[in-house]
Amino acid sequence: MKIKVSYTTEKQTDAAVSALKSDFSGMETKAVLFFASSAFPPDELASAMEKAFPGVSVFGCTTAGEICSGFMSENSIVAMAMTGGIIEDLRVEVLEDVKGNAKGALNKAIDAFHAHFKIPLSEMDFNKYVGLILIDGLSGTEEILMDAVGNVTNINIIGGSAGDDLKFAKTFVFAHGKAYSNAAILALVKAAGPFSILKTQSFRILDKTLVATKVNEKYREVIEFNGKSAVEAYAEAVGVPAEKASDAFMRYPIGLVIDGDPYVRSPQRIEGNSIVFYCNILEGMELSLLESTDIVADTQKAVADMKNGMGSVSGIINFHCILRTLELKSKNQVGPYAAIFKDIPTVGFSTYGEELFGHINQTSTMLLFA
Amino acid sequence: MAGKIKKMLDTIIASKSGGNPTLAAATTTKLILKGLNPNKFTGQSDDDPAVVDKVRNIAAEMGIKL
């Protein structure tokens, strides 16, 4: 067995970790990736997970809901154990103080990867190596980290922003037996076999363009679209009165469309006449209004297409936007969505943002191992 | 003068991808996310000094000599 997934709804940390350990016993595990509800005391959980799997690379983060093969849950821990059949080699680095010095932290990690793999990141083959990134979901550093790491390597870096069950108070990433806030985990994997990356979102691209003509990049705030107040221009594009604009946010986000593929930017809230987004929009960016479609049908097709292309899929790591989870809940589609993964060992979590090339919203980014 | 930006962006994509179409698409995506859409520049685009500087800085961060 190359991959096994497990989950636990035990409330006490020790009992929860014991349950996972028991499920993975007998495996020649190289790495354990886990996603945990913020209900668990972070330091206790990080330490217990490390002790439970000696000699294994153990890393993960807190969530806004967990995903495992065939179901979605809350207040639980989900975990994936990966053997040498999946991972030939792995190095996990913690990037600390990302709010103060993201690039410095990243450079230290890059040096560590170079020393470990004996090859610089810039020369790694994107068909053999892949990076997993987990970022403090309240740090606001996703863009800078993804931009900087994308500059120095051609390998895909995929991941998600840690959550805290919608409390928006504090999120944690875990590695080396410790819980970190204001930090990110970057795990570099030399895969033992083929893998693929999937980015899927469920939106139709509408024929309405919004050009960000005035922004406050630091706060992910758009002050003006098309030379008008952001709220007025957005409401006009959607076709609703300005005072109803926020009601349309979930169904009508906007996207930077690249080769017909939207990189979604989700509006978060209105501040005065500005709109604050869940990720950055740069001044001058031309964006299209999007309209939501069927998450279940679209994901089912995307996963099936990928499965057909790969021949077989032995495991999936799913970074799934919390806004998608909320939409699935509102439409009573959680069960059908989770069922897409019932026959594939899958772990994932509801994120505060997804990472692939950059920071995106209302998307699922997935790593699929053959 | 015109066309410098397009040429610089094309050089970045060619250099970063080594001619691999998957990597060329990925590099183009990264550039667009940085606010520089190579498809919006042509051989006739003005050599806006601010944009030229931005492209030069990106190339430097990518370790590419222009």
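Quick caveat: nothing in here was measured; it's all calculated off a predicted structure. (Residues numbered from 1 in each chain as written. Chains lettered and ligands numbered in written order. Predicted model: local features only at pLDDT ≥ 70, side-chain atom pairs only at ≥ 80, totals over all residues. Heavy atoms only, no water.)

## As for the interface of chain B and chain A
Interface extent is often summarised as the accessible area lost during association of the parts.
Then, number 1: Residue-level contacts link 15 residues of chain B with 17 residues of chain A.
Then, number 2: For the chain B and chain A pair, buried surface summed over both sides reaches about 1,500 Å², with 57% attributable to carbon and sulfur atoms.
Then, number 3: The largest per-residue losses of area from chain B upon contact with chain A belong to B:K30, B:L33 and B:E61, which jointly make up 36% of the total buried on that side.
Then, number 4: At the surface where chain B touches chain A, the tally comes to three salt bridges.
Then, number 5: Linking A:K103 and B:E61 is a salt bridge whose minimum nitrogen-to-oxygen distance equals 3.9 Å.
Then, number 6: Inspection of the region where chain B meets chain A yields eight residue pairs in polar contact (both at pLDDT 80 or more).
Then, number 7: Here the residues of the side of chain B that touches chain A are counted per class, giving five nonpolar, five polar and five charged. (Contact = heavy atoms within 4.5 Å. Buried area = accessible area lost by both parts, 1.4 Å probe. Salt bridge = Lys/Arg side-chain N within 4 Å of Asp/Glu carboxyl O. Polar contact = N/O pair within 3.5 Å; in protein donor to acceptor, adjacent residues only side chain to side chain. Nonpolar A, V, L, I, M, F, W, Y, C, P; charged D, E, K, R; others polar.)

## So, the sheet that holds strand β22 (residues 315-321) of chain A
All names here are of chain A.
Then, number 1: Taken in spatial order, the six strands line up as β5-β4-β23-β22-β26-β13 in an open sheet, and their pairing is mixed. Each having just a single partner strand, β5 (71-73) and β13 (195-200) make up the two edges of the open sheet. The average undirected angle you get between the axes of adjacent strands in this sheet is 15°.
Then, number 2: On top of the sheet, helix α7 (residues 322-330) reaches β5, β13, β22, β23 (346-351) and β26 (364-369); it is set at about 85° to β22, its chief contact. (Pairing = 2+ DSSP bridges. Helix = DSSP H or I, 4+ residues; strand = E, 2+ residues; numbered from the N terminus. Axes fitted to C-alpha atoms, helices over the stretch in contact; angles between N-to-C directions.)

## What to know about the domain arrangement of chain A
All names here are of chain A.
Then, number 1: According to the domain assignment, chain A contains domain 1 (3-200 + 296-369) and domain 2 (203-292).
Then, number 2: Placing the centre of domain 1 and that of domain 2 at their C-alpha centroids yields a distance of 28 Å.
Then, number 3: Taken together, the contacts link 16 residues of domain 1 with 15 residues of domain 2.
Then, number 4: Summed over the three residues of domain 1 that lose the most area to domain 2, namely K199, N361 and Q362, the buried surface amounts to 43% of that side.
Then, number 5: Counting every contact that joins domain 1 to domain 2 gives three salt bridges.
Then, number 6: R220 is the partner of E142 in a salt bridge, and the nearest nitrogen-oxygen pair spans 2.8 Å. (Domains from an automatic or database assignment.)

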